[in-house]
Structure formats: C-alpha cells, structure tokens
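# Summary of the model geometry
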Number of protein chains: 2
Amino acid sequence: MTESSSLSDRLIAGDRRALAKAITLVESTRPDHRAAAQALITEVMPKTGGAIRLGFSGPPGVGKSSFIESFGVYLTDLGLKVAVLAIDPSSVRSGGSILGDKTRMEELSRRDKAFIRPSPSGGTLGGVARRTREAMLLCEAAGYDVVIVETVGVGQSEIAVADMVDMFILLVSPGGGDELQGIKRGIMELADLVVVNKSDGDLEQAARRAQSEYRGALHIMRPKSPNWTPRVLRASALKRTGLDAVWQQIRKHREALSESGELAATRAEQARAWMWSEIQDQLLDRVRAANPDAVHEYERAVVEGRLPPGAAAEAVLALFLERGDSGEKPPLQP
Amino acid sequence: MTESSSLSDRLIAGDRRALAKAITLVESTRPDHRAAAQALITEVMPKTGGAIRLGFSGPPGVGKSSFIESFGVYLTDLGLKVAVLAIDPSSVRSGGSILGDKTRMEELSRRDKAFIRPSPSGGTLGGVARRTREAMLLCEAAGYDVVIVETVGVGQSEIAVADMVDMFILLVSPGGGDELQGIKRGIMELADLVVVNKSDGDLEQAARRAQSEYRGALHIMRPKSPNWTPRVLRASALKRTGLDAVWQQIRKHREALSESGELAATRAEQARAWMWSEIQDQLLDRVRAANPDAVHEYERAVVEGRLPPGAAAEAVLALFLERGDSGEKPPLQP
C-alpha cells in the first residue's frame, strides 16, 4: 500500500515518470497488479474529473495524428497540460512507450506540458477500453487539463471512445461525397463537432464543398444533445489554421453542457455503464474459461442450428454455476 | 416430456391453439415452465428457420399497425401463412391475446392463415426480445411462411428487432424533412427498405418529396450489406397500393442474401450473439439479486464519483463469487 501511496503522491505532484509507471500498472493483467492499480485509482479518485475529455476519430488518411499533434502543440502554447492516449484493440505492444511516442507526434512529445501514451497492447476492445479509461483518470490526477483519446477507428472503438469522453470530434478530409460513405455506420451521429482537415492550398475549395456536404448530413440527424448543435469546421494541421476555432467550439460545448447539468449527468451515467460493462466482461471471460471446450461445443451447436440459443445459454450457465449435473442440460444432438 | 411432446406434435401440425399455448409457455418466467419451454424449442428446432423474418419499425403516427394489417392480408391472399409478433418492453399484458388482437388488425386476425400475438408483458428489453425470438422459432415450427416482428419503437427495441430478423423495414410518413430528425439515431442505417406510407390522395405529392429526401439520406450512408442496396418505396395501407412492390423487394432481398450466403452467415451470428446476450442478462440479473443492497450502494458510490468503476466492479464481482471476505473490497468512503 505504501508503494502505491508514494506512487500516488508523485503522480498527484505531476511526476511524468510516476504517471507512466502508474499507467503500466493499470495495463498489467497480473492479479496483484490489478489489485494495486485499483487501490491506486481509488486513492487518487478525489483528484480526478478535472480535465476536458476529448475523443478524436476519423477515417484512415485523414491525418489524425498530425492534427492531434498540431492541436496539442496549440493547447500547450496556451499553457495547458495535454495528455494523448491512443486506443487500438489491434495494436501490439511497441516495447515501452518512449520510442513508440517519438515516432509519432515528435514535436508534441518534446513538450513538458504534453504526455503521450500509445494504446495498451491488444486484447478485447473491452479490455483496451478499460485500461484507457483508467489511464484517463490517472492523467487527470496528474493535473492534465485536456485528455485526448485517439481512436484508430478499428471496429467498434469509436463507440467505446465516445462513451468515455465529454466531446467526440470527427476528423474528415476534403474528400467529401463518396468519403461520407467511408465513415463507419453510426459514427457521424456520435460527433459533437466535425472538422474538415487539410483545408489548405489546392484542397481548400474541396474542403469547403466537403464542409457543406457534412453540414447537410448532420442536418438530417437528430441532435445527440438537446443542449448542443454539432458544427462543421475547416482546419489545417499542416498550416496550423482553424485550431483556435476548434478550441472555441470545445469551450462552448463545455460551457453548454456544464450549465445544463448534462456534463455531470453524462459522466455519472458513463461511470455506471463502465462499472457494469466491466462486471459483464469479467463474468463472460470466466464463463468461457471455466469450461472452454463445453462452451465452444455449445456455441458451435447454436451456430450450426442444432441447439436453440436459449437452451444453450441455460446449459452454459448451469455449467458455470456448477449445476451441470442437474440433468437439465439439453442434448447436443437433436 | 410427453406433455411437451404432444404439444410439439400439435404445434408442428399447425394447430394455432397449440402455438398460442406454446408461446404462453415461452413467456412464463416460472423455472419449470422455462425448462419445459427450452425442451419444447429444442424438440421443434429442426422444423425452424423456414420463414422470411421481417422487422417493421417507424415513428409514431406512421400507421404501422394498419400497414402491417394491409400487408398481412396481401400476403395471406397470396396463400402465405403470416405470423405477426409485437415487441414492446413497456407493454402491459392485455389479458390473453384474442381480445388484444381483435382490437388491432381486426381483418387480418380473422384470416385462417394469420396468427397475431401482442408483445409479451413488460420487463427488460432483453427479456421481451428473448421471448419474441423464441415465439418466432415456434411460429416457424408451426409452418408460418412470413414472421413479422413489429416494434413500437420504444428505446432500443428497433436494434433488438433488427438483430433477430432477416430484413428490417422502416415505415415513414409523408412528413419527410423535419420528420427525418424524428427518426431515432441509427435507425435509418438499420433499414434494408424504407416505405413511405400514406402515399394516397392529397398526401401523394408530399410522399414523393419525402421519398426523394429519404433517398438522399440513404445515399450518404454506407450500405449495411455488400449484397443489397436499400430502396425507398411509396405505398398506402389505406388504398392497399404499393404492397406488391414491397413484397417484390422482400423477395429480391431474400434472393440476394441467400445466393451470397449472407443470410445463413447472418442468422448464425444472430444465434451466437443471442446465446451470449442471454448468458449475460441472466448473469447480471443474478449479480444484482445476490446482493441487491451492496450492489446498489456500490453503484451509487460510482455514480457520485466516490469510487472508481473498476474498483466497484471488482468488489461486486468478489461479492457475487463469494470472495467478499478477501479483504480486497475497497472502502466506500475514500
């Protein structure tokens, strides 16, 4: 406990090495590490919640990393402490963070007020999301003013990110039109702000067209919040233009949601849902682990239409709850 | 077992009273009824899967019931057996089905080839969905050619329905424009077919405008399936026009998804997901039931930001798995 206490003291003091070490602890799957991590997070809990939590997503090739780097540099120039966390269920541990960081967002990573952490190594989206959420709390305890969670946009990661941040920002490129269809289903509707990146030089006209197309697309969608209407802005990570307008929108969004009480309500609901999704994920892992072969066999029988899902579920539950000999287990062959 | 055997025989023979009784068994929450229901479904499993499974949804006031009645009558006139199941987590048991049926879809309910069943009485969406899925299997075993699942469009029920059918049909009214925003987030994207109802008399022009607006809206969405492009049709439940075109689209959709193998793959994945969602729902119910007060207290601590969701999840799991005295339970007060 003293170990984690001293660690928490250094963390709260803003020691970046302590923060990195704490996140590594959070990312560990060793039971004793898990316990220590939970103790640490519980200890620093009163220091959390102070940051603006931003999620950034967008299709490949939109220049997400360069935009986040430019925006992060812009924020640090304003004197703000910025943490960037990536979430990528498909990622492979890049052997310690330092090198992994330097390769991307090189300028931002040199800033004292910036902390960049690559995605925890692969696993289920639930696992990666859990570790990212906990890393976000640690960054807040370490005094970061803005925490940016970047999704690589694999599978359902955008939804996981939208569920852990205050504001979800969708980055798009001047492609517009056809590219609209490249944006994964339902992602447009998660956006509290859409930013058309690469709005510079020859692409500026295309960016203006894309901007109006995205405005049209947003128009036909029911607003996500009664207190906020998503805007579509143009910016250039390369020329570092439009970043101030993006920051203005973020601050207006924060103001609108704080005054209406929506921010507090949303964070409370996010926390509640997070608790239950963790209980659920861990229970289902245990169900699989308890009887891997039987579970697999029942799953196959269901997929092949030999057993009704309901009956298979009852049987798997009976096995897990050690009532497997209750005779209620249905036959695998009809 | 003989009870359920004879019941299954009569069910497979197409006896409507047997079907109604079987569905009532499936809707019961009594453990012995649940076991009998699972045995029954397991028994008739080989006779299931033969129907075209359709989901119908749409905003209030679109005339869903009257459209489904007109369409159902159209199908029975083609000599097809049609079952209509409703899904409404907020519904209250309407005292046996007969009266409940007659009040709505009166003409269809008089047809020998039609079977109409109101939504199971309230409960969680998961519970209502499970009972509806099982009722669908029973209807298939009873030889129904088309099973229509109607959602009242409360909460997330559209997604639950889309996850249990082969084709999801969105009904809209000539309102168009503003009404578009009335359609719940993400629902447009679930649609395999959009039908503008009430395209008759004075509303026909408005219906044409709505048709083109919905076409525009669908255009900017990535298609749900690589094998199918959703169309927007106009119809009138009142004048019973456009129903043949709707049926043509349904048959084309069926053909496209069968030939591509997508139908079989989708149904297999639906069954697998269904099995796991049942395991999950039942486990979470047990977690809550095992220690209701403690779970509620941990939930409140999380919602009020006094305890990290991860730590609360660990504590609730420890309680459920009877390791509550392991001393790892974090304090409720920081």
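Residues numbered from 1 in each chain as written. Chains lettered and ligands numbered in written order. Predicted model: local features only at pLDDT ≥ 70, side-chain atom pairs only at ≥ 80, totals over all residues. Heavy atoms only, no water.

So, about the overall build of chain A. Helix and strand content of chain A: 14 helices and seven strands. Out of the 334 residues in chain A, the part that is buried amounts to 55%. (Helix = DSSP H or I, 4+ residues; strand = E, 2+ residues; numbered from the N terminus. Buried < 20%, exposed > 50% of the residue type's maximum accessible area, 1.4 Å probe, protein only.)

Okay, the environment of B:I279 next. Secondary-structure assignment places B:I279 in helix α12 (residues 262-290). Sequence-distant contacts of B:I279, that is, excluding residues within four places in its chain, are made with A:L284, A:V287, A:A313, A:V316 and A:L317. (Contact = heavy atoms within 4.5 Å.)

Opposite the 60 residues of chain A that make contact, chain B presents 60 residues. A combined buried area of about 5,400 Å² lies between chain A and chain B, and 68% of that area is made up of carbon and sulfur atoms. Where chain A packs against chain B, one counts four salt bridges. One salt bridge in this structure joins A:R34 and B:E314, with 3.7 Å as the shortest N-O distance. Inspection of the region where chain A meets chain B yields nine residue pairs in polar contact (both at pLDDT 80 or more). Those elements that place two or more of their residues in the side of chain A that touches chain B are α3 (31-44), α9 (178-182), α10 (204-219), α12 (262-290), α13 (292-303) and α14 (309-320) of chain A. For the side of chain A that touches chain B, the leading source of residues is α12(A), giving 15 residues. Of the residues that constitute the side of chain A that touches chain B, the class distribution is 35 nonpolar, 10 polar and 15 charged. (Buried area = accessible area lost by both parts, 1.4 Å probe. Salt bridge = Lys/Arg side-chain N within 4 Å of Asp/Glu carboxyl O. Polar contact = N/O pair within 3.5 Å; in protein donor to acceptor, adjacent residues only side chain to side chain. Nonpolar A, V, L, I, M, F, W, Y, C, P; charged D, E, K, R; others polar.)

On inspection of all chains with the given rule, the structure shows 12 aromatic pairs over all chains. Note on B:F56 and B:F71: the rings are 6.1 Å apart at their centroids and 55° apart in plane angle, and the pair reads as tilted. With B:F56 in strand β1 (residues 52-57) and B:F71 in helix α4 (residues 64-77), this residue pair connects regions lying 15 residues apart in the sequence. Considering the side-chain rings of B:F67 and B:F71, the 6.0 Å spacing of their centres and the 20° angle between planes classify their relative orientation as stacked. A residue pair is termed a helical-turn pair when its members lie 3 or 4 positions apart in one helix, as B:F67 and B:F71 do in helix α4 at four residues. Overall, the relative accessible area of 0% leaves B:F67 in the buried class. Aromatic rings pair up to connect A:F56, A:F67, A:F71, A:Y74 and A:W247 into one cluster. When the ring centre of B:Y144 is taken as reference, the NZ or CZ atom of B:K81 above it lies at 4.3 Å. (Phe/Tyr/Trp six-rings, centres within 6.5 Å; stacked < 30°, edge-to-face > 60°. Lys NZ or Arg CZ within 6 Å of the ring centre and 35° of its normal.)

Our next topic: the sheet that holds strand β5 (residues 167-172) of chain A. Residues and elements named next belong to chain A. Reading across from one edge, β3-β2-β4-β1-β5-β6-β7 is the order of the seven strands in this open sheet, with parallel pairing throughout. Looking along the sheet, the strands with just one partner apiece sit at the ends: β3 (114-117) and β7 (231-234). Each strand axis lies, on average, 20° off the axis of its neighbour in the sheet, ignoring direction. Summarising the sheet, strand β6 (residues 193-196) and β7 pair through four bridges and their orientation is parallel. Its bridge partner being in β7, V195 is matched across the sheet by L233. Along the sheet, α10 makes contact with β5, β6 and β7, crossing β7 at roughly 175°. (Pairing = 2+ DSSP bridges. Axes fitted to C-alpha atoms, helices over the stretch in contact; angles between N-to-C directions.)

Residue and element names in this part refer to chain B. Overall, parallel pairing links the seven strands, which are arranged β3-β2-β4-β1-β5-β6-β7 in an open sheet. Each edge of the sheet is formed by a strand with only one pairing partner; in this case those strands are β3 (114-117) and β7 (231-234). Each neighbouring strand pair of the sheet contributes to a mean axis angle of 20°, computed without reference to strand direction. Where β1 meets strand β4 (residues 146-151), five bridges bridge the pair, whose relative direction is parallel. Of the residues in β4, the one forming a bridge with I52 is V146. Against the sheet, α4 contacts β1, β2 (82-87), β3, β4, β5 (167-172) and β6 (193-196), and its axis sits at roughly 175° relative to β4. Helix α7 (residues 125-141) contacts β1, β2, β3 and β4 of the sheet and is inclined by roughly 175° relative to β2.

Residue and element names in this part refer to chain A. Put simply, helix α11 (residues 243-260) and α12 touch, their axes get as near as 5 Å, and they point 85° apart. In terms of axis orientation, α11 runs roughly perpendicular to α12. Seen from α11, the contacting residues are R254, L257, S258 and S260; seen from α12, they are E262, L263 and R267. A class-by-class count of the residues in the contact of α11 with α12 yields two nonpolar, two polar and three charged. (Parallel < 35°, antiparallel > 145°, perpendicular 65-115°, else oblique.)

Below, the discussion takes up the nonpolar core. Ranked by size, the top nonpolar core spans 105 residues in total, and within it A:L19, A:L138, A:C139, B:L19, B:L138 and B:C139 carry the most contacts. In this view, B:L138 contacts B:L11, B:L19, B:A22, B:I23, B:V26, B:L40, B:I41 and B:V44; residues no more than four positions away in its chain are not counted. By size, the runner-up hydrophobic cluster in this structure holds 40 residues, among which are A:Y298, A:A312, B:L319 and B:F320. (Core = buried A, V, L, I, M, F, W, Y, C linked by side-chain atoms within 4.5 Å.)

A word on the packing of α13(A) against α12(B). It is at 8 Å that the axes of α13(A) and α12(B) come closest, and there the two elements cross at 135°. With respect to each other, α13(A) and α12(B) are oriented oblique. In terms of crossing hand, the pair formed by α13(A) and α12(B) is right-handed. Contacts from A:V295, A:Y298, A:E299, A:V302 and A:V303 in α13(A) reach B:A268, B:A271, B:R272, B:M275 and B:W276 in α12(B). Its residues assigned to classes, the contact of α13(A) with α12(B) shows eight nonpolar, no polar and two charged. (Left-handed = near helix turned anticlockwise from the far one by under 90°.)

Moving on to α4(B). All names here are of chain B. Relative to the 20 Å expected for 14 residues at 1.5 Å per residue, α4 spans 20 Å between its end C-alpha atoms, a close match to the ideal helical length. Most of α4 is tucked away: 10 of the 14 residues are buried. Every buried residue belonging to α4 is among K64, F67, I68, E69, S70, F71, G72, V73, L75 and T76, and all of these are buried. At the C-terminal side of α4, G79 shows a positive phi close to 90°. (Expected span 1.5 Å × (residues − 1).)

Moving on to the relation of the copies chain A and chain B. Superposition of the two copies of the chain requires a rotation about an axis together with a shift along that axis. Overlaying chain A on chain B yields an RMSD of 0.0 Å, the required transformation being a rotation through 180° with an accompanying axial translation of 0.0 Å. What we have between these two chains is a two-fold relation. Every residue of chain A has its C-alpha some distance from the rotation axis, and the shortest such distance is that of A:G186, at 2.9 Å. Comparing interface residues between copies, 98% of those in chain A also lie at the interface in chain B; the contact surface is shared. (Least-squares fit on C-alpha atoms with pLDDT ≥ 70 in both.)

Residue and element names in this part refer to chain A. Of the residues in chain A, 87% reach a pLDDT of 70 or more, and the chain-wide mean stands at 87. When mean pLDDT is taken per element in chain A, α11 scores highest with 98 and helix α5 (residues 97-103) scores lowest with 40. Confidence drops under pLDDT 50 across residues 92-102; counting only partners more than four residues distant or on other chains, this segment forms 12 contacts. For this predicted complex, the interface confidence score (ipTM) comes to 0.84, while the overall pTM stands at 0.82. (pLDDT = per-residue confidence, 0-100.)

All names here are of chain A. Secondary-structure assignment places S28 in the loop between α2 (16-27) and α3. In this structure the side chain of S28 is engaged in a polar contact, spanning 3.1 Å, whose partner is the backbone nitrogen of R30. When near neighbours in sequence (up to four residues on either side) are disregarded, S28 contacts H33 and R34.

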